[in-house]
Amino acid sequence: MSDSYRAIVVGGGVAGASIAYHLTAAGWQDTLLLDRNELTSGSTFHSAGLVGQLRSSVSLTRMMMYSTQLYRRLEEETGVNVGWHEVGSLRLASSTERMQELQRQAGWAQTFGLPLHLISTDEALAMFPLFKADGVLGAAFIPTDGHLDPTGLTMALAEGAKRRGAHVRTSTRVTAVRTHEGRVVGVTTDEHGDIDADVVVNAGGMYAGQIGHLAGVEVPVVPFAHQYLITKPIDGVRADFPTMRDPDRLVYFREEVGGLVMGGYERNPKTWAVEDGPPADFNHQLLPDDWERFESLAHNAAELVPAMETAEIGHMINGPEAFTPDGEFIMGESDVRGFFVAAGFCAHGIAGAGGIGKVMAEWITEGAPEYDLWKMDIRRFGPQYRSRGYARARAVEVYEHYYDIHYPGEEKLAGRPLKMSPTYSRLSELGAAFGEKSGWERANWFSSNEDPAHEDRRPRGWAGEHWSTAIVTEHLACRDRVALFDESSFAKISVEGPDAAAFLQRICANDMDRAPGTVIYTQLLDARGGIACDLTATRLTPTSYFLVTGTAFGSHDLSWIRRQLQPGDDVRVDDVTSSRGCLGLWGPRARNVLASVSRENVAADAFPFMTAREITVGDVPCLALRVTYVGELGWEFYPATEFAAALWDTLMAAGAGHGIVPAGYRAIDTLRLEKGYRAWGSDITPEGSPLEAGLAFAVRMDKPGFTGNEALERQLGAGLTQVLACLTLDDPRSMTLGNEPVFHDGAVVSRVTSGGIGYAVGTAGTSIAFAYLPPSLAEPGTECEIEVFGERVSAVVAPSPLWDPEGERIRA
């Protein structure tokens with residue numbers, strides 16, 4: 001074994017083997033795969049082996065689809081039997097709500113070519129005749145799903161990596177991850193001492209937290225005792241049975257040597273080894289059977305498949321699986337440069353292994369994956385996840401509700417409240433319905449604003465489940481009078497130093513070398529021209545800038561910006577979120593309210609749009625930015641945290657005579673849709689450019705050398721193939737949730753990126769959806785259809801923005 005490698009992958013489970021396989025396929029033959037025991041000796045060997053492709057996000061589904069493509073050819077390529085059985089999968093609907101979910105998924109699947117078919121109960125019975133049809137309303141069938149042998153898959157991937165030059169070493173424990181000046185430089189092992197490497201990948205599965213600590217990186221995986229049983233042969237079971245899930249009963253099945261594998265996700269899960277991680281000698285081991293905890297699943301299984309009542313049990317498998325606090329994978333490069341993580345696959349590592357290896361290899365060798373993986377990016381976790389108790393509480397909630405239908409606007413409850421703004425008590429007294437984002441408690445709406453007169457605006461179906469008439473009240477108050485929003489959770493970043501302007505000029509698409517007091521809206525692009533960050537930057541002094549970005553994106557953006565620093569840059573980049581509150585005052589009467597409590601001249605010519613000043617409001621000194629994300633006249637105020645509550649009181653009292661209302665984040669979303677403002681993570685992502693998103697006004701193509709400039713030049717030369725368009729639906733109460741298919745002339749041409757109802761446009765409001773369309777179809781007046789829960793609703797491409805198209809209100 002060499003003393004130096006280009007990449008070392010720590011963890012010989014299916015994910016680690018896949019990463020090594022794909023790294024060597026990408027030309028990194030100088031790769032070492034290490035395991036402290038034997039390949040598959042952690043969680044891989046006891047996996048149930050189901051491979052299902054449809055997941056909660058487009059990117060994850062694409063990863064799963066790639067996995068099945070790989071599994072079909074892997075045996076022929078490597079000579080190792082992976083046991084791939086492409087028998088398809090059934091997902092039963094045992095409730096009306098579940099059937100609606102399947103209808104939504106069927107529409108979604110059309111947008112990326114996943115063959116999902118809605119079938120009748122009788123058709124499902126023909127495929128899996130042992131289940132009891134009572135109460136089953138139908139099913140979804142995906143013919144390209146299946147199951148395989150997890151150990152065989154791992155061995156095939158490792159063999160493929162070895163054939164291309166990788167080294168595989170087992171019984172070699174990593175005892176240290178070596179770093180220098182914030183970058184990984186190698187590992188230390190018990191058998192071979194120090195081994196140098198440019199890249200180290202933590203693919204440690206349930207051990208990933210312990211391996212992360214060796215590098216000073218928190219990887220918040222939480223092991224759960226996940227159980228399934230295997231029966232002896234049952235009459236009538238055939239090898240071609242599709243895998244079957246009944247999420248309403250919390251159970252899944254697949255065929256195994258004439259019998260059935262049956263498991264599920266119980267409501268009373270049990271975590272294991274959360275505080276200190278698995279024991280050092282826990283290799284190729286299982287946990288004791290826990291029949292009492294499994295009893296509810298066994299009852300549900302027998303209710304659905306009566307043959308399970310009399311089936312002879314071969315054995316029970318109770319093995320630890322690593323879950324995460326939000327149910328999404330943990331992947332990407334950590335704050336330690338060159339130290340990557342791929343872990344926390346929530347019992348879906350087998351299904352995802354191919355895609356995991358693909359995107360991780362791209363991330364390592366090209367600097368970014370093909371897909372938008374923000375939901376899986378390790379940088380999404382804030383420092384609160386250093387608490388094992390907090391991580392456990394969040395993960396338990398995910399496991400308990402794994403198979404539940406998750407309605408839009410649903411909020412998690414575990415670990416709350418944790419992070420509260422200074423106005424929290426004021427918001428509570430006003431009846432705030434709190435949501436949570438990145439640990440912050442945020443007002444979604446206020447019960448004090450509820451009005452039965454707006455009940456006729458309730459969206460149909462799922463969108464109306466977690467909804468309130470208060471959203472309409474707050475929306476219209478902001479349009480007609482004035483509303484006050486607490487946005488203290490917004491992430492705030494300071495960029496300071498003699499080279500601050502030059503640094504931001506290099507990494508931002510807009511012109512950042514503006515006069516102090518200027519507010520600049522900009523994107524930060526990757527080398528492919530994709531939108532890595534979307535934020536506002538205020539130049540405070542010649543050497544300092546104040547950046548504001550979304551609550552959930554603060555850790556991501558901070559890390560991304562810091563990574564752009566080059567040797568010699570005299571710049572300091574700091575997270576200053578907790579140092580300042582943020583209150584947004586918007587509406588036609590916002591100036592009247594502000595002028596009544598400030599001696600500053602806030603007239604339009606004295607305080608124009610997209611400028612900033614230090615002012616005093618009442619007794620409160622604060623930084624005031626004349627910006628908006630709702631499309632109305634107004635300001636964002638950034639006081640020091642200790643002044644935020646007093647500022648809230650001052651503005652609410654001053655606004656009483658002007659009809660002011662407290663307002664929440666759900667109104668912000670409906671307001672921004674009317675104004676055509678984009679949301680990062682849905683409307684704009686690293687997969688698209690600002691030119692495609694209609695944000696060319698925020699790009700200075702004549703500014704040489706900014707990151708992504710060359711990619712945009714190439715895109716302009718070749719011509720755009722898609723542009724973000726605004727569509728309005730004929731039915732104002734048919735609200736899109738995102739990912740619905742868009743049809744033109746009967747063919748799928750796009751999917752919805754985000755949607756909602758604009759309550760101030762149209763006589764009864766307007767259902768609005770954004771979608772990327774070919775330029776020829778993005779012209780206003782183009783007729784389309786959008787499939788909403790199985791029903792096609794007529795829509796038309798509309799001029800955008802729908803509200804204040806000339807921008808007169810925001811500049812008033």
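Residues numbered from 1 in each chain as written. Predicted model: local features only at pLDDT ≥ 70, side-chain atom pairs only at ≥ 80, totals over all residues. Heavy atoms only, no water.

### Quick look at the packing of aromatic side chains
Centre-to-centre distance and the angle between the planes together describe a pair of aromatic rings.
Part 1 of the argument: Under the defined criterion, the tally for this structure stands at 30 aromatic pairs.
Part 2 of the argument: A centroid spacing of 6.0 Å and a plane angle of 65 degrees characterise the contact between Trp374 and Trp680, whose relative ring orientation is edge-to-face. Here the residue Trp374 occupies a position in the loop between α8 (349-366) and α9 (388-400), and Trp680 occupies one in the loop between α16 (665-675) and α17 (709-718), the gap between them amounting to 306 residues. As far as burial versus exposure is concerned, Trp374 and Trp680 are alike and both buried.
Part 3 of the argument: Both rings, one in Phe546 and one in Tyr638, keep their centres 5.1 Å apart while their planes meet at 80 degrees; by these two values the pair is edge-to-face. Remark: Tyr638 occurs in strand β30 (residues 634-639) and Phe546 occurs in strand β25 (residues 544-549); sequence separation between them is 92 residues. (Phe/Tyr/Trp six-rings, centres within 6.5 Å; stacked < 30°, edge-to-face > 60°. Helix = DSSP H or I, 4+ residues; strand = E, 2+ residues; numbered from the N terminus. Buried < 20%, exposed > 50% of the residue type's maximum accessible area, 1.4 Å probe, protein only.)

### Description of the sheet that holds strand β24 (residues 531-541)
Part 1 of the argument: Taken together, the five strands give an open sheet; going across it, the order is β23-β24-β25-β22-β26, and neighbouring strands pair in antiparallel fashion. Looking along the sheet, the strands with just one partner apiece sit at the ends: β23 (519-525) and β26 (572-575). Across the sheet, the axes of successive neighbouring strands diverge by a mean angle of 30 degrees, strand direction being ignored.
Part 2 of the argument: Where strand β22 (residues 491-496) lies against β26, four bridges are found, and the strand directions are antiparallel. Residue pairing in the sheet places Ile493 in a bridge with Asp575 of β26.
Part 3 of the argument: Set on the sheet, helix α12 (residues 500-507) makes contact with β22, β23, β24, β25 and β26; between it and β22 the angle comes to about 120 degrees. (Pairing = 2+ DSSP bridges. Axes fitted to C-alpha atoms, helices over the stretch in contact; angles between N-to-C directions. Contact = heavy atoms within 4.5 Å.)

### Notes on the pairing of strand β11 (residues 193-202)
Part 1 of the argument: Here strand β1 (residues 4-10) pairs with β11 via six bridges, running parallel. Note on β11: the bridge partner recorded for Tyr5 is Ala197.
Part 2 of the argument: Where strand β10 (residues 183-189) meets β11, four bridges bridge the pair, whose relative direction is antiparallel. From the neighbouring strand, Gly186 faces β11, where its bridge partner is Asp196.
Part 3 of the argument: Pairing between β11 and strand β18 (residues 339-343): three bridges, direction parallel. Along β18, the bridge assignment pairs Val200 with Phe339.

### Remarks on the sheet that holds strand β35 (residues 766-773)
Part 1 of the argument: The strand order around the closed barrel formed by six strands is β32-β35-β34-β33-β36-β37, and the pairing between neighbours is antiparallel. Adjacent strand axes in the sheet meet at a mean angle of 45 degrees when their direction is disregarded.
Part 2 of the argument: The pairing of strand β33 (residues 741-744) with strand β34 (residues 747-758) spans four bridges and is classified as antiparallel. Within the sheet, the bridge partner assigned to Val742 lies in β34 and is Ser750.
Part 3 of the argument: Sitting on the sheet, α16 is in contact with β34 and β35, with an inclination near 125 degrees to β34.

### Side note on the pattern of salt bridges
Part 1 of the argument: The tally for this structure, following the rule as stated, stands at 44 salt bridges.
Part 2 of the argument: With its nearest N and O atoms 2.8 Å apart, the salt bridge here joins Glu674 to Arg479. Of this pair, Glu674 sits in helix α16 while Arg479 is found in helix α11 (residues 469-480), placing the two residues 195 residues apart along the sequence.
Part 3 of the argument: Residue classification places Arg479 among the buried residues on the basis of a relative accessible area of 1%.
Part 4 of the argument: Between Arg514 and Asp511 there is a salt bridge; the shortest N-O distance is 3.7 Å.
Part 5 of the argument: For Asp511, a relative accessible area of 24% gives the class partly exposed.
Part 6 of the argument: Residues joined by salt bridges that share partners form a network here, namely Arg479, Glu632, Glu674 and Arg809. (Salt bridge = Lys/Arg side-chain N within 4 Å of Asp/Glu carboxyl O.)

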